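Below, each chain spelled out in residue letters.
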Amino acid sequence: MPAHANFVHLRAHSAFSLLEGAIQPDDLAALCKRHRMPAIAVTDTNNLFGLYDIADSMTKAGVQLVTGCQLTLQIEGATGPRARSASGAIALLVQDETGYANLMKLASKAHLDVQAGDAPHITWEALERHNEGLIALTGGPKGLLNTLVVAGQIDAAEAWIARLKKLFGDRLYVELQRHGLPHEVAAEPHLVRLAYDHKVPLVATNEPYFSSRDMFEAHDALLCIAGGAYVMQDDRRRESPDHYFKSAEEMTALFADAKEAIDNTLIVAQRCSFLPKKRPPILPQFVPASGLSPENELRVEAEKGLTDRLERNGLYAHKKDYWDRLNFELDVIINMKFPGYFLIVSDFMKWTRGQGIPVGVRGS
């Protein structure tokens, strides 16, 4: 038996793909160990929230983490009834420190550089500016390449893969996924031809959202919660029972006619041997004008605030209960060394009220 498997997952989703993924970091690490996978790429959707938790779990298990993210890419001109064809998923994997910095910028832009109420996404212009050090996978069935092919827009698909190839060069891979879904089957011959015509390597991915096949129904219910839908509805998001964490043997058998796509998973992992270093959080410093320490200033303000509220609203419990609770909360904040942070937030709230800005309204 070989020391390690000949396939690694490059498109896994953890529970940090909120209301979408259902595998905790420790469980992902255990699955890699069980199936002898030396590495794994976790591409949570539009966020890097769980990066350090996942990295810790993988490091303890002796598994190489490939840092990645699945981002929604919005292309200019996405308006009108065919707007969906101008956006799609793209998976980005970190090769080095520069790529890590760029992925953090893109993940931040997905949330900060959008209009209020819009779903997280990045623009082509942002990808052009921040692609160095990143490997791109075309996004599988949710990617724009697949979407164009399935819609019969072959010329547009040709133009799109050429555009990606020009930007990423040898850092681009065409994803093949096989879950037995009609749109995957319809797209694959075109994807293979496009990959060969444009000299872009193929890579086999599975995009596991849950650990085993028997978790499918629970995961399906999770998707219903996310979409505010019912299980019996037809017009809602669905994944297949095959979106589980397949073993290398299962994936090798599934892609027996495309060995290069399996082999390339290891090549991609080797190209992405970068582990982000965990840094302590950088919290703001606050110097109270009163001359008190931040800890004492927080106590003075909190006690004054509680006194004002009790005088204004009256008592609904014993007075001692209020003060005991306040002291407990203050001790937690001070022991965590967060008083300066809370004082800054308090000052900001006072300023917004003074400016007549409703709380919760984001400024431009």
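Bear in mind the structure is a predicted one, so any value in this text is a computation, not a measurement.

### Brief notes about unusual backbone geometry
Now for step 1: Backbone geometry places leucine 19, a non-glycine residue, at a positive phi of 55°.
Now for step 2: By the secondary structure assignment, leucine 19 is in the segment before α1 (25-34).
Now for step 3: A residue is classified by how much of its surface remains accessible, and leucine 19, at 44% relative accessible area, is partly exposed.
Now for step 4: Unusually for a residue other than glycine, arginine 36 sits at a positive phi of about 60°.

### A closer look at the packing of α1 against helix α2 (residues 51-61)
Now for step 1: Across the interface, α1 lies against α2 with an axial gap of 8 Å and an inter-helix angle of 35°. With respect to the hand of their crossing, α1 and α2 are arranged in right-handed fashion. Counting all contacts with α1, which are made through Pro25, Asp26, Leu28, Ala29 and Lys33, the residues of α2 involved are Asp53, Ile54, Ser57, Met58 and Ala61.
Now for step 2: Of the residues belonging to the contact of α1 with α2, the class tally is six nonpolar, one polar and three charged.

### Some remarks on the pairing of strand β6 (residues 172-176)
Now for step 1: Judged by how many residues are buried, β6 sits mostly within the fold: five of five residues are covered.
Now for step 2: Of the two faces of β6, the one carrying Leu172, Val174 and Leu176 and the one carrying Tyr173 and Glu175 are both buried.
Now for step 3: In this structure, β6 lies alongside strand β7 (residues 202-204), joined through three bridges in parallel fashion. Following the sheet pairing, leucine 176 is matched in β7 by alanine 204.

### Looking at the environment of aspartate 220
Now for step 1: Looking at where aspartate 220 falls in the secondary structure, it is placed in helix α8 (residues 216-227).
Now for step 2: A relative accessible area of 7% means that aspartate 220 is categorised as buried.
Now for step 3: Distance in space between the C-alpha atoms of aspartate 220 and threonine 43 is 20 Å, their sequence separation being 177 residues.
Now for step 4: The contacts of aspartate 220, once residues within four sequence positions are left out, are Val231, Arg236 and Arg238.

### Some remarks on the pairing of strand β5 (residues 134-137)
Now for step 1: Neither face of β5 is exposed, since Leu134 and Ala136 on one face and Ile135 and Leu137 on the opposite face are all buried.
Now for step 2: Pairing geometry for strand β3 (residues 87-94) and β5, over four bridges, is antiparallel. Among the inter-strand pairings, valine 94 is bridged to a residue of β5, identified as leucine 134.
Now for step 3: The pairing of β5 with β6 spans two bridges and is classified as parallel. Residue pairing across strands places alanine 136 opposite leucine 172, the latter belonging to β6.

### Digging into the packing of helix α11 (residues 294-313) against helix α12 (residues 319-335)
Now for step 1: The geometry of α11 relative to α12 is characterised by a closest axis approach of 11 Å and an angle of 155° between their N-to-C directions. Judged by the angle between their axes, α11 and α12 are roughly antiparallel. Seen along the crossing, α11 lies across α12 with a hand that is right-handed. Contacts between α11 and α12 involve Glu295, Leu298, Arg299, Ala302, Glu303, Leu306, Thr307 and Leu310 from the first element and Tyr322, Trp323, Leu326, Asn327, Leu330, Asp331, Ile333 and Ile334 from the second.

### Notes on the packing of aromatic side chains
Now for step 1: Applying the stated rule across the entire model yields four aromatic pairs.
Now for step 2: Measuring from ring centre to ring centre gives 6.2 Å for phenylalanine 210 and phenylalanine 216, while their planes differ by 55°; the resulting arrangement is tilted.
Now for step 3: For the cation-ring pair, arginine 163 lies above tryptophan 124, with the distance from its terminal atom to the ring centre recorded as 4.3 Å.
Now for step 4: Lying across the ring of tyrosine 244, lysine 246 places its NZ or CZ 4.8 Å from the centre.

### Concerning the nonpolar core
Now for step 1: By size, the foremost hydrophobic cluster in this structure holds 81 residues, and its most contacted members are Ile40, Leu92, Leu127 and Trp160.
Now for step 2: Among the elements that line this core, the one with the most residues is helix α6 (residues 154-168), at six residues.
Now for step 3: Apart from the residues within four sequence positions on either side, leucine 92 is in contact with Thr67, Gly68, Cys69, Leu71, Leu103, Leu106, Leu127, Leu134, Ile135, Ala136 and Phe168.
Now for step 4: Counting residues in hydrophobic clusters, the runner-up holds eight residues, among them Phe286, Leu298, Leu306 and Leu310.

Each value, and the rule that gives it
Residues numbered from 1 in each chain as written. Predicted model: local features only at pLDDT ≥ 70, side-chain atom pairs only at ≥ 80, totals over all residues. Heavy atoms only, no water. Helix = DSSP H or I, 4+ residues; strand = E, 2+ residues; numbered from the N terminus. Buried < 20%, exposed > 50% of the residue type's maximum accessible area, 1.4 Å probe, protein only. Axes fitted to C-alpha atoms, helices over the stretch in contact; angles between N-to-C directions. Left-handed = near helix turned anticlockwise from the far one by under 90°. Contact = heavy atoms within 4.5 Å. Nonpolar A, V, L, I, M, F, W, Y, C, P; charged D, E, K, R; others polar. Pairing = 2+ DSSP bridges. Parallel < 35°, antiparallel > 145°, perpendicular 65-115°, else oblique. Phe/Tyr/Trp six-rings, centres within 6.5 Å; stacked < 30°, edge-to-face > 60°. Lys NZ or Arg CZ within 6 Å of the ring centre and 35° of its normal. Core = buried A, V, L, I, M, F, W, Y, C linked by side-chain atoms within 4.5 Å.

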